[in-house]
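A closer look at the structure
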Amino acid sequence: MTAGPVAPGLAEFRAAARRLASHLRPTPCTLSSALTKLAGVPVWLKHEHLQTTGAFKLRGATNAVLQLPEGVAGVTTASTGNHGRALAHAAKARGLNAVICMSRLVPENKRAAVTALGAEARIIGDSQDDALIEAERLVRDEGFALIPPFDHPHVIAGQATLGLEMADAVPDAASVLVPLSGGGLLAGVAAAMKARNPALQVIGISMERGAAMAESLKAGHPVDVHERATLADSLGGGIGLENRLTFSLVRGLLDEVILLNEAEIAAGIRHLYLREAQVVEGGGAVGVAALLAGKYRPEGPVVLPLTGANIDPALLDRIIAGQTPDLETE
Ligand SMILES: *Cc1c(COP(=O)(O)O)cnc(C)c1O
């Protein structure tokens, strides 16, 4: 057996915060009066959707890119969403090439988002698997470094810096509601915040449609789930059958998982737009959605990271108008 990567701890999180300081936009943490009234306890919103590239993923990607050895030819990933954008931006900050591999099924606006950040969008094959094969070829044949979206110690340590900031902003937090997909965010945020307050409750929130981490926790090992179209698209995808870090970290740090249906997610997006004046994508709105749905009843001050802003404007319009678009049937 070969030794796997070692989980990062508080020293790595603090080093990541210093490394990232000049690369991040400071994001506010504000008390929501509407949600505080609803919940009966202080509800704090961490406005990380205002981060450069529109999501917290910049933290992990930049922390990983800045630690690559000299002489690497460039960076690559097969992730097309917020991690692809973040990696493109992080590579540019270090003057490195970035090649984001994607299948021809990926919509044009996602390709454009990556090329606008100065990276190459390499279109290959008909599936995410084909795209990953090309990314692995770039590593083998051309000296690129593959930066995965969550299962990497430097990525987890980068995401943990969001937890350090929330712990500083809300030192009396009793719980944190964390959007959960591959678990890099939850693993980092929970470790950082529990280091400060071991009694903190960490709630992971996913969608009912294809919650890979929740299914894996239930099974006791990483499992594949059928990927389905959902308003929380940034929470889709698997955790990797060969998951090395995030599955066991999340299992050890998570206190409860909540799953949301599409109407509940739409209500979260709608509340944030109409009552908080914030544009937040589905995956970033699930904490608010869980409170609104009454699926989590906090007993003390609670912090909700709003993790991303990248929602299709036409989709947002329909949700604001009161609809719950079913992306699976249209
Ligand atoms: C990636 C992402 C998440 C989930 O992060 P994981 O580390 O994969 O669990 C949550 N919200 C948004 C907006 C994301 O892009």
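Refer to the structure above for everything that follows.
A brief report on the enclosed structure follows. Everything quoted here is computed from the prediction, not taken from an experiment.

1. Topic: the sheet that holds strand 6 (residues 144–146)
Where strands meet in a sheet, backbone hydrogen bonds hold them as pairs that are either parallel or antiparallel. The sheet built from four strands is open, its strands ordered 5-4-3-6 with parallel pairing. The open sheet has two edge strands with one neighbour each: strand 5 (120–123) and strand 6. The sheet shows a mean angle of 30° between the axes of neighbouring strands, direction not considered. Of the strand pairs in this sheet, strand 3 (residues 74–77) and strand 4 (residues 97–102) are connected by four bridges, and their pairing is parallel. Counterpart to T77 in the pairing with strand 4 is I100. Contacts between helix 5 (residues 108–115) and the sheet are confined to strand 4 and strand 5, with strand 5 contributing the most and set at about 145° to the helix.

2. Overview of the environment of P222
As for its position among the elements, P222 is in the loop between helix 9 (212–219) and helix 10 (246–253). For the pair P222 and L24, spaced 198 residues apart in sequence, the C-alpha separation works out to 32 Å. In contact with P222, not counting residues within four places along its chain, are S216, I239, G240, L241, N243 and F247.

3. Re the site of the ligand
In the vicinity of the ligand, 16 residues are found, and the nearest of them are K57, N82, G183, L185 and T307. At 2.9 Å from an oxygen atom of the ligand is found a main-chain nitrogen or oxygen belonging to G182. At a separation of 2.8 Å, an oxygen atom of the ligand approaches a polar backbone atom of L185. In the shell around the ligand, the residues fall into five nonpolar, nine polar and two charged.

4. Describing a nonpolar patch on the surface
Residues L132, V139 and L146 make up a contiguous nonpolar surface patch of roughly 190 Å² in combined accessible area. Mapped onto the elements, L132 comes out in helix 6 (residues 128–142).

5. Some points on the environment of A309
Mapped onto the elements of the fold, A309 is located in the loop between strand 10 (302–305) and helix 13 (313–320). With 12 residues separating them along the chain, A309 and A321 place their C-alpha atoms 18 Å apart. With residues up to four places along the chain from it excluded, the contact list for A309 reads H49, G54, V279, V280 and E281.

6. Side note on the environment of D130
Take D130: it is sitting in helix 6. In sequence terms D130 and S103 are 27 residues apart; their C-alpha atoms lie 6.9 Å from each other. Those residues in contact with D130, other than ones at most four positions away along the chain, are I124 and G125.

7. Let's talk about helix 13
Because each turn of an α-helix spans 3.6 residues, side chains separated by three or four positions end up pointing in the same direction. Buried residues of helix 13: L315, L316 and I319, and no others. In a view along the axis of helix 13, the buried residues occupy a sector of 100°, so they form one face of it. Of the exposed residues in helix 13, the ones pointing more than 90 degrees away from its buried face are P313 and D317. Packed against the buried residues of helix 13 are helix 11 (262–276). Just downstream of helix 13 lies G322, where phi reads positive at about 105°.

8. Description of the sheet that holds strand 9 (residues 256–260)
Strand order in this open sheet of six strands is 1-2-10-7-8-9, and the pairing throughout is mixed. The open sheet is flanked by strand 1 (29–31) and strand 9, the only strands paired with a single partner. For this sheet, the mean inter-axis angle between neighbouring strands, taken without regard to orientation, is 25°. Two strands pair when backbone bridges link them, and strand 7 (residues 175–179) and strand 8 (residues 201–207) are joined in this way by five bridges, in the parallel orientation. The residue bridging S175 from the neighbouring strand is Q201, located in strand 8. The strands that helix 8 (residues 184–196) touches are strand 7, strand 8 and strand 10; relative to strand 7, the one it contacts most, it runs at about 165°.

Cut-offs used in this document
Residues numbered from 1 in each chain as written. Predicted model: local features only at pLDDT ≥ 70, side-chain atom pairs only at ≥ 80, totals over all residues. Heavy atoms only, no water. Pairing = 2+ DSSP bridges. Helix = DSSP H or I, 4+ residues; strand = E, 2+ residues; numbered from the N terminus. Axes fitted to C-alpha atoms, helices over the stretch in contact; angles between N-to-C directions. Contact = heavy atoms within 4.5 Å. Near = heavy atom within 4 Å. Polar contact = N/O pair within 3.5 Å; in protein donor to acceptor, adjacent residues only side chain to side chain. Nonpolar A, V, L, I, M, F, W, Y, C, P; charged D, E, K, R; others polar. Patch = residues over 30% accessible without salt bridge, like charges linked within 9 Å, V, L, I, M, F, W, Y side chains within 5 Å. Areas by Shrake-Rupley, 256 points an atom, 1.4 Å probe, with all protein chains shown as cover. Salt bridge = Lys/Arg side-chain N within 4 Å of Asp/Glu carboxyl O. Buried < 20%, exposed > 50% of the residue type's maximum accessible area, 1.4 Å probe, protein only. Arc of directions from axis to C-beta.

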